[in-house]
Amino acid sequence: MPPAMGGGLAGPEPRPRRGRSASQAARAAGAEAAARSPKRPARGSWRFEAVGRWAPLVLVTLLSFATRFHRLEEPRHICWDETHFGKMGSYYINRTFFFDVHPPLGKMLIGLAGYLSGYDGTFLFQKPGDKYEHHSYIGMRGFCAFLGSWLVPFAYLTVLDLSRSLPAALLTAALLTFGCLTLSQYILLDPILMFFIMAAMLSMVKYNSCADRPFSAPWWFWLSLTGISLAGALGVKFVGLFIILQVGLNTIADLWHLFGDLSISLMTVGKHLTARILCLIVLPLALYTAIFAVHITVLNKSGPGDGFFSSAFQARLSGNNLHNASIPEHLAYGSVITVKNLRMAIGYLHSHPHLYPEGVGARQQQVTTYLHKDYNNLWIIKKHNTDSDPLDPSFPVEFVRHGDIIRLEHKQTSRNLHSHYHEAPLTRKHYQVTGYGINGTGDSNDFWRIEVVNRKFGNRIKVLRSRFRLIHLVTGCVLGSSGKVLPKWGWEQLEVTCTPYLKETLSSIWNVEDHINPKLPNISLEVLQPSFPEILLESHMVMIRGNNGLKPKDNEFTSKPWHWPINYQGLRFSGANDTDFRVYLLGNPVSAHQPQPRPASTCAWEAAGAAAFHAPPVPVSLQVVWWLNLLSIAVYLLSGSIIAVAMQRGVRLPAEVEGLSQVLLRGGGQVLLGWMLHYFPFFLMGRVLYFHHYFPAMLFSSMLTGILWDTLLRLCAWRLAKGIHVMGILSLLLGTAYSFYLFHPLAYGMVGPLAQDPESPMAGLRWLESWDF
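A few points on the structure. (Residues numbered from 1 in each chain as written. Predicted model: local features only at pLDDT ≥ 70, side-chain atom pairs only at ≥ 80, totals over all residues. Heavy atoms only, no water.)

1. A few points about the overall build of the chain
Consideration 1: Assigned secondary structure in the chain consists of 17 helices and 18 strands.
Consideration 2: A burial count over the chain gives 56% of its 773 residues as buried.
Consideration 3: A total accessible area of about 33000 Å² is found for the chain, and carbon and sulfur atoms account for 62% of it. (Helix = DSSP H or I, 4+ residues; strand = E, 2+ residues; numbered from the N terminus. Buried < 20%, exposed > 50% of the residue type's maximum accessible area, 1.4 Å probe, protein only. Areas by Shrake-Rupley, 256 points an atom, 1.4 Å probe, with all protein chains shown as cover.)

2. Quick notes on the packing of aromatic side chains
Consideration 1: By the definition in use, this model includes 35 aromatic pairs.
Consideration 2: A ring pair is formed by phenylalanine 123 and phenylalanine 125, whose centres lie 4.8 Å apart and whose planes are at 80 degrees; its orientation type is edge-to-face. In terms of burial, phenylalanine 123 and phenylalanine 125 fall into one category: buried.
Consideration 3: Ring plane angle 25 degrees and centroid distance 4.4 Å describe the contact between phenylalanine 309 and phenylalanine 313, whose orientation is recorded as stacked. Of the two residues examined, phenylalanine 309 and phenylalanine 313, each falls in the buried class.
Consideration 4: Counting every residue linked through ring pairs, the aromatic cluster contains Phe65, Phe69, Phe146, Trp150, Phe154, Phe195 and Phe196.
Consideration 5: The cationic tip of arginine 316 hangs over the ring face of phenylalanine 313; the distance from NZ or CZ to the ring centre is 5.3 Å.
Consideration 6: A cation over an aromatic ring shows up here: arginine 460 above the ring of phenylalanine 399, its NZ or CZ 4.0 Å from the ring centre. (Phe/Tyr/Trp six-rings, centres within 6.5 Å; stacked < 30°, edge-to-face > 60°. Lys NZ or Arg CZ within 6 Å of the ring centre and 35° of its normal.)

3. Things to note about the environment of serine 263
Consideration 1: Mapping serine 263 onto the fold places it in the loop between helix H10 (240–259) and helix H11 (266–298).
Consideration 2: Residue classification places serine 263 among the exposed residues on the basis of a relative accessible area of 65%.

4. Thoughts on a nonpolar patch on the surface
Consideration 1: Together, Leu273, Ile277, Leu278, Ile281, Val282 and Leu285 make up a nonpolar patch on the protein surface, roughly 510 Å² of accessible area in all.
Consideration 2: Summarising the element assignment, leucine 273 is placed in helix H11. (Patch = residues over 30% accessible without salt bridge, like charges linked within 9 Å, V, L, I, M, F, W, Y side chains within 5 Å. Salt bridge = Lys/Arg side-chain N within 4 Å of Asp/Glu carboxyl O.)

5. A closer look at unusual backbone geometry
Consideration 1: In this model, glutamate 74 is joined to proline 75 through a cis peptide bond whose omega is -10 degrees.
Consideration 2: Turning to its location among the elements, proline 75 is positioned in the loop between helix H2 (46–69) and helix H3 (82–94).
Consideration 3: Of note, leucine 464 is a non-glycine position whose phi angle comes to about 70 degrees, a positive value.
Consideration 4: Of note, leucine 464 is situated in the loop between strand E9 (448–452) and strand E10 (468–472).
Consideration 5: Look at leucine 464 and you get buried, because its relative accessible area is 5%.

6. Overview of the pairing of E9
Consideration 1: Burial along E9 is one-sided: Trp448, Ile450 and Val452 are buried, while Arg449 and Glu451, pointing the other way, are not.
Consideration 2: Bridge count between strand E6 (residues 405–410) and E9: two bridges; the pairing is antiparallel. Bridged to isoleucine 405 within E9 is arginine 449.
Consideration 3: Relative to E10, E9 runs antiparallel, the two sharing five bridges. The residue bridging glutamate 451 from the neighbouring strand is arginine 469, located in E10. (Pairing = 2+ DSSP bridges.)

7. Quick notes on the pairing of strand E2 (residues 336–341)
Consideration 1: Along E2, six of the six residues are buried, which leaves the element largely enclosed by surrounding structure.
Consideration 2: Side chains of E2 alternate between two faces, with Val336, Thr338 and Lys340 and Ile337, Val339 and Asn341 buried alike.
Consideration 3: Two strands pair when backbone bridges link them, and E2 and strand E5 (residues 378–383) are joined in this way by three bridges, in the antiparallel orientation. Directly across from threonine 338, in E5, lies its bridge partner leucine 378.

8. Quick notes on the pattern of salt bridges
Side chains that differ in charge, positive against negative, can pair when their charged atoms come close.
Consideration 1: Counted under the stated rule, the structure contains 18 salt bridges.
Consideration 2: Across the salt bridge formed by lysine 462 and glutamate 329, the nearest N and O atoms sit 3.2 Å from each other. With a gap of 133 residues between them, lysine 462 in the loop between E9 and E10 and glutamate 329 in the loop between strand E1 (326–328) and E2 connect regions that are remote in the sequence.
Consideration 3: Residue glutamate 329 is classed as partly exposed on the basis of its relative accessible area of 23%.
Consideration 4: Where glutamate 513 meets lysine 373, a salt bridge forms, and the shortest distance between an N and an O atom there is 2.2 Å. Pair noted here: glutamate 513 is in strand E13 (residues 510–516) and lysine 373 is in the loop between strand E4 (365–370) and E5, with a separation of 140 residues, a long-range link.
Consideration 5: Looking at glutamate 513, the relative accessible area reads 0%, which means it is buried.
Consideration 6: Among the charged side chains, a salt-bridge network with shared partners connects Lys373, Glu513 and Asp514.

9. Comments concerning empty space enclosed by the protein
Consideration 1: All chains considered together, the criterion is met by six cavities of 30 Å³ or more.
Consideration 2: Roughly 120 Å³ of volume is contained in the largest cavity.
Consideration 3: Phe98, Asp100, His102, His295 and Met543 are, among the 13 residues lining the largest cavity, the residues nearest its centre.
Consideration 4: For the lining of the largest cavity, the elements supplying multiple residues, two or more each, are H11 and helix H13 (532–548).
Consideration 5: Looking at side-chain class alone, the lining of the largest cavity contains eight nonpolar, three polar and two charged residues. (1 Å grid on protein atoms, 1.4 Å probe; cavity = no way out; pocket = protein on both sides within 12 Å on 5 of 7 lines; lining within 4 Å. Points joined across faces, edges and corners; volume = space filled by probe spheres on them. Nonpolar A, V, L, I, M, F, W, Y, C, P; charged D, E, K, R; others polar.)

The analysis is restricted to geometry; functional conclusions fall outside its scope.
This is the structure we're talking about:
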């Protein structure tokens with residue numbers, strides 16, 4: 001039950017520890033107790049007290065739901081990444097296999113919400129701006145809005161538990177109610193991810209507060225719920241690892257504290273360790289694995305994601321040409337085969353009758369890779385030193401083995417796979433690969449040594465499962481694909497090269513997919529299908545490679561991590577012209593001067609919870625909540641450092657001041673750590689980044705703002721005047737609410753002149769040139 005208004009610190013009484021004097025421990029305990037124990041009203045019933053505790057929570061929850069569900073149906077067309085995640089929800093409804101760089105939980109939940117709300121999975125979700133027309137999309141948007149609405153009460157309860165201060169919790173709730181709106185109104189993964197992140201944070205804080213009654217029912221409940229939330233966060237996006245790291249660090253610190261408490265036996269410490277292993281490691285891993293089991297079971301039909309996965313994986317998908325197929329198990333000379341590259345989105349070794357143009361290496365037949373099934377993907381595997389037909393019934397079957405020297409003859413053109421010292425068309429210092437010879441007769445540059453990478457199948461080459469490299473016998477280079485797209489003379493297929501760098505990479509590893517040999521018995525591919533652990537491992541390898549491959553495209557709108565805390569650049573969700581219904585994601589401005597708004601129209605501007613009005617451009621005195629969060633981080637680092645040094649030096653502080661200082665250091669430190677863990681790792685990422693990646697960190701910076709300013713205002717009130725705290729909190733709350741009231745008619749979309757136009761009613765709001773609404 002939410003505690004009453006007051007100051008203090010969540011958690012149990014500090015235990016005596018080695019290296020800490022009894023007087024210090026007693027003084028800290030007394031300070032925290034003094035700050036944490038509010039005076040009960042002398043009069044009034046317990047019912048009145050209960051209403052006082054629960055009414056603010058109900059209020060912020062209702063306000064959060066109201067702001068996120070208001071005009072949820074607008075705009076009635078696809079916005080930004082709805083084109084991806086709505087389409088993936090359709091795939092789940094149709095049970096069609098697809099590939100995405102994120103784990104599947106978020107898309108599964110979106111698909112389930114669509115299915116339960118009557119959506120039939122037939123809308124194509126082709127591009128932003130396409131109208132939904134008669135298709136049911138509100139259920140999927142409503143589900144995301146429902147989870148996004150819980151961010152505010154979760155943050156409220158978290159800050160309330162960390163600070164024992166109702167004003168701090170209310171200030172945090174106000175910042176998030178009016179500052180984290182847009183992402184919760186569309187079919188996106190972000191509200192689902194942030195729901196689980198905040199649920200994990202709240203559960204962790206709650207089980208910390210139960211530390212004085214370990215192994216009780218509430219303690220087990222919150223500890224288990226923390227593990228469940230961690231599985232949910234990681235199951236939506238890999239950035240869920242950041243909240244896992246935070247919970248892990250908190251757990252290590254907690255266990256270290258227990259280990260240093262001499263009043264607790266080692267047996268009890270062992271029980272604590274076991275409980276955390278079960279609830280924070282075993283339970284999340286089991287749930288995370290179950291998510292993938294459901295994902296793999298539901299998506300059992302061939303679809304657009306087949307080509308990203310191995311041939312053995314594809315054999316389990318209904319509708320794929322490998323499904324229920326029967327082919328020879330081991331590779332033999334004379335077999336007709338297709339050879340598939342293991343690197344994602346590279347495809348099959350391919351050739352066609354067209355030659356390389358003049359000036360591009362030797363003018364011989366082109367060899368490329370091609371993503372689609374084609375007769376020009378077929379090759380015949382032959383011995384290097386004989387032209388006899390291995391399919392002649394008079395010859396015994398001879399299997400291809402690891403280390404054999406072979407020739408690959410292109411079935412359609414009868415030219416051999418060939419390489420030489422000419423430079424590759426696009427990749428410098430790599431050698432050209434061509435088709436050479438007449439009717440299979442060429443030269444020694446057609447010889448390749450086959451080397452199995454995973455030799456657990458013995459010397460034979462196993463269809464689908466064996467992974468091998470082809471080493472050119474003369475030059476010593478390795479056959480591979482650079483992944484670069486050839487010009488039109490190469491039909492915009494992908495370049496194949498022979499690299500002299502022998503480092504083992506996926507682009508130089510191949511496997512046999514199709515296999516035809518009338519002299520060999522066929523086996524069902526079901527026996528070659530991968531096991532669930534192999535599917536799980538392959539899925540993660542493909543997702544990791546896909547994430548690493550997300551690079552900015554030409555003219556693509558991206559941002560950098562340093563842009564995010566200063567609100568340097570927003571993100572356009574929908575529309576680009578003055579006739580379009582435009583949605584723009586930006587930090588929430590707070591105005592200190594009221595313009596004269598015109599009557600509300602259907603035009604509006606969404607800026608993550610407010611920011612445009614139809615009024616003449618006028619000078620405005622401005623304060624930005626986004627920048628307030630950034631200022632709060634700087635102020636916290638300064639004030640927290642001063643307080644920590646003073647307390648470490650043994651400076652005697654009044655009991656109430658010391659209690660508030662503990663709140664600032666411990667409660668503020670928890671959320672500051674969350675902000676750092678959810679922000680700084682993006683500086684190390686090489687993938688394409690967008691403004692919305694900052695919003696999980698923004699949740700923590702908003703909680704820090706609530707704790708910091710409430711504590712500082714309390715300290716000022718203690719030193720100066722009692723009314724400072726009340727007036728300061730009310731000013732921040734009313735300023736935030738006033739901003740939303742001022743801009744709410746236009747807070748959910750915009751039509752009309754762009755802000756660059758001096759006649760635009762938004763021109764006065766374009767404070768930075770980088771804001772392109």
